[in-house]
Amino acid sequence: MSIKINAVKGMNDVLPGAVGRWQELEAVAREVFALYGYREVRTPVVEPHALYARGVGEQTDIVGKEMYVFEDKGEDRLALRPEGTAGTIRAFIEHGAYVDGPQKWFYMGPMFRRERPQKGRYRQFHQIGVEAFGIAEPAIDAEQIAMVQDWLSRLGVSAALQLNSVGDPACRPAYLADLRGYLEGHAGTLCGDCRERTQKNPLRVLDCKVPGCQPVLQGAPRLLERLCQPCREHFAAVRAGLDALGVAYRVEPRLVRGLDYYVRTAYEFTSDALGAQSAVAGGGRYDGLVETLGGPPTPGVGFALGVERLALILEALGRPIPARRAAVFLISADAEGAAAVLRLSSELRKAGVACDLDARGGKLARQFKQAERVGARFALVLGGQELAAGEGKLKDMVTRTETPVRLSGLAARLREVAP
Ligand code: AMP
């Protein structure tokens, strides 16, 4: 008896017909990140649970509710990574990378959060993110934000940028105490989540989207107006940097991020094309985090972009999915032809020409059908007759016209007509 087994809820396959979009946005990311001096790091998808408890924060939804946690036999409590920053910092510290001065790293890969799946929100999703270590100056915040914009605009995507400062340990605690007091005073009109967060993580209350909570949140004290002098100066300099780089943004005093570690700069790119889950990328500064995770005091700033969401935007824009298709499909007319297509396909591939053939052989009509299915640009029938003449007919699969071609010059000809 056979049993059909489906993928885990909220975890998606990306099939060959759609993967070209992912490859395109990844390729553009690699190109742009290299232009800005970011180098790739690859870290495990499984890390000790303690890394996230400590690095992301026990009070966050991500660690408190959404992480996939398991016990390895006789080993530590482990977790599937819910985000990329903590693991990247763990690697940065573990390998002593800080001795080499400021570092710019990027990563790409799957993340796991047990959220309620909906459009743009999955339990396994993919992020492309960057971290710049060792630079406290606001110029790096601005440069990094400009890099996201550069990447998106090369893909033809325009996303709105919202910017905020969430203060630092010098100015935030006093503000949080005031905010908590204010929220407690209005607890009667806040939703259950907000009431819970008022105690655990009051900053996150500002992020609530429940309509009934909005009047109270509109009137809440604003951290931007309570920043200490160094935070104010940092924020002003990030803004000046963005202006100098020609990056448009809106200051959003209620923008907070779902992770505890942010200080000063917090930002988010959103797109109307996404519907409810409108955030495509988010980031900010996390100056104390390397130290919290056992490294030397090292400032840091980074962002992560959701690949599925960027792919959804490209789809909504009607961007065609790029794909490399066979320049020519070799079709065998008889036994001699069958041997010849194998030989010729090998020669063409060595010459860098993408080609395909129907390894089943058989009727011409079926082979032509397969040529169409794989989207080959041309088809060429080979049999004893063509081999004897050293010439065949190159059939254009789009215009349906045929032109004679010398078999010896096939690779060069195809590079001209189907580059
Ligand atoms: P975060 O790590 O929460 O700051 O998220 C950064 C980006 O990752 C977001 O802007 C989204 O584009 C993406 N993202 C976060 N959570 C999910 C999810 N559950 N499914 C798909 N994308 C996500």
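Residues numbered from 1 in each chain as written. Predicted model: local features only at pLDDT ≥ 70, side-chain atom pairs only at ≥ 80, totals over all residues. Heavy atoms only, no water.

Topic: helix α7 (residues 192-200)
Residues of α7 that are buried: C194, R197 and T198. What you see down the axis of α7 is that its buried residues fit within an arc of 115°, all on one side. Here the buried face of α7 lies against α3 (61-66), α6 (172-185) and α8 (202-205). (Buried < 20%, exposed > 50% of the residue type's maximum accessible area, 1.4 Å probe, protein only. Helix = DSSP H or I, 4+ residues; strand = E, 2+ residues; numbered from the N terminus. Arc of directions from axis to C-beta. Contact = heavy atoms within 4.5 Å.)

Things to note about the sheet that holds strand β11 (residues 300-306)
On the basis of which strands lie adjacent, the open sheet formed by eight strands has the order β1-β5-β6-β11-β10-β9-β7-β8 and mixed pairing. The open sheet terminates on both sides in strands that have one partner only, identified here as β1 (39-40) and β8 (250-251). Set on the sheet, helix α1 (residues 16-35) makes contact with β1, β5 (103-112), β6 (124-133) and β11; between it and β6 the angle comes to about 5°. Seen against the sheet, helix α5 (residues 138-154) touches β5, β6, β7 (160-165), β9 (263-270), β10 (279-285) and β11 and runs at an angle of roughly 20° to β11. (Pairing = 2+ DSSP bridges. Axes fitted to C-alpha atoms, helices over the stretch in contact; angles between N-to-C directions.)

Looking at the sheet that holds strand β4 (residues 77-80)
Two orientations exist for strands paired in a sheet by backbone hydrogen bonds: parallel and antiparallel. Strand order in the open sheet made by the three strands is β2-β4-β3, with antiparallel pairing throughout. Each of the sheet's edge strands pairs with one partner strand only, and the pair in question is β2 (46-48) and β3 (69-71). Pairs of neighbouring strands in the sheet enclose a mean axial angle of 35°, with direction left out of account. Pairing analysis gives three bridges linking β3 to β4, with the strands arranged antiparallel. Directly across from E71, in β4, lies its bridge partner R77. Each of β2, β3 and β4 is contacted by helix α2 (residues 49-57), which is oriented at about 75° to β2, the strand it contacts most.

Section: the nonpolar core
In this structure, L25, F33, Y38, W151, F269, F303 and L310 are the most contacted members of the largest nonpolar core, which totals 96 residues. Looking at this core, the element that brings in the most residues is α5, giving eight residues. Every residue in contact with Y38, bar those within four places of it in the chain, is listed here: F33, K104, W105, F106, V130, E131, A132, I140, Q144 and M147. A340, L344, L382 and V405 belong to the second-largest nonpolar core, a separate cluster that totals 20 residues. (Core = buried A, V, L, I, M, F, W, Y, C linked by side-chain atoms within 4.5 Å.)

Re the domain arrangement of the protein
Size of an interface, as often reported, equals the accessible area lost when the parts are brought together. Partitioning the protein into domains gives domain 1 (16-171 + 227-316) and domain 2 (328-417). Measuring from the centre of the C-alpha atoms in domain 1 to the corresponding centre in domain 2 gives 48 Å. (Domains from an automatic or database assignment.)

Some thoughts on the packing of aromatic side chains
For the structure shown, the criterion picks out 10 aromatic pairs. Ring centres of F33 and F303 lie 6.4 Å apart, and the angle between their planes is 75°; this geometry places the pair in the edge-to-face category. Taken together, the residues span a long stretch of sequence, with F33 in helix α1 and F303 in strand β11 at a distance of 270 residues. F303 shares its class with F33; the two are buried. For the ring pair F92 and Y98, a centre distance of 6.0 Å and an interplane angle of 65° mean the geometry is edge-to-face. With a relative accessible area of 1%, F92 lands in the buried category. Here Y98 falls in the partly exposed class, since its relative accessible area comes to 34%. A network of ring pairs unites the aromatic residues F33, Y38, F106, W151 and F303 as a single cluster. (Phe/Tyr/Trp six-rings, centres within 6.5 Å; stacked < 30°, edge-to-face > 60°.)

Description of the environment of A237
Mapped onto the elements, A237 comes out in helix α10 (residues 229-244). Once the C-alpha coordinates of A237 and E137 are considered, the two residues, 100 residues apart in sequence, prove to be 8.8 Å apart.

Concerning the site of the ligand
Close contacts around the ligand come from 14 residues, with R113, E115, Y122, R257 and V280 the closest. In this structure, an oxygen atom belonging to the ligand sits 3.1 Å away from a main-chain N or O atom of A279. The fraction of the free accessible surface of the ligand (480 Å²) that becomes covered by protein chains is 93%. Going through the elements one at a time, β6, β10 and β11 are the ones with two or more residues in the shell around the ligand. Classifying every residue of the shell around the ligand gives six nonpolar, three polar and five charged. (Near = heavy atom within 4 Å. Polar contact = N/O pair within 3.5 Å; in protein donor to acceptor, adjacent residues only side chain to side chain. Areas by Shrake-Rupley, 256 points an atom, 1.4 Å probe, with all protein chains shown as cover. Nonpolar A, V, L, I, M, F, W, Y, C, P; charged D, E, K, R; others polar.)

Here we look at unusual backbone geometry
Of note in the backbone geometry, R264 takes a positive phi value of approximately 55° without being a glycine. Position of R264 relative to the elements: it lies in strand β9. At R400, a residue that is not glycine, the phi angle is positive and equals roughly 70°. For R400, the position within the fold is in the loop between β15 (391-396) and β16 (402-406).

Description of a nonpolar patch on the surface
Together, M1, I3 and I5 line one region of the surface with nonpolar side chains, adding up to about 500 Å² of accessible area. Looking at where I3 falls in the secondary structure, it is placed in the segment before α1. I3 sits in the exposed class, given a relative accessible area of 66%. (Patch = residues over 30% accessible without salt bridge, like charges linked within 9 Å, V, L, I, M, F, W, Y side chains within 5 Å. Salt bridge = Lys/Arg side-chain N within 4 Å of Asp/Glu carboxyl O.)

Thoughts on the environment of A266
Position of A266 among the secondary structure elements: in strand β9. Residues A266 and G283, 17 residues apart in the sequence, show an inter-C-alpha distance of 5.9 Å. Not counting residues within four places of it along the chain, the set of residues in contact with A266 comprises Q162, L163, N164, V166, L255, R257, G283 and G284.

Topic: the pattern of salt bridges
Counting across every chain of the model gives 24 salt bridges. Among the salt bridges present, the one from R30 reaches E40, with a minimum N-O distance of 2.6 Å. In this pair, R30 is assigned in helix α1 and E40 in strand β1, connecting sequence segments 10 residues apart. R30 gets classed as partly exposed once you look at its relative accessible area, which sits at 35%. E40 gets classed as partly exposed once you look at its relative accessible area, which sits at 30%. Residues R264 and D168 are paired through a salt bridge, measuring 3.4 Å at the closest nitrogen-oxygen approach.

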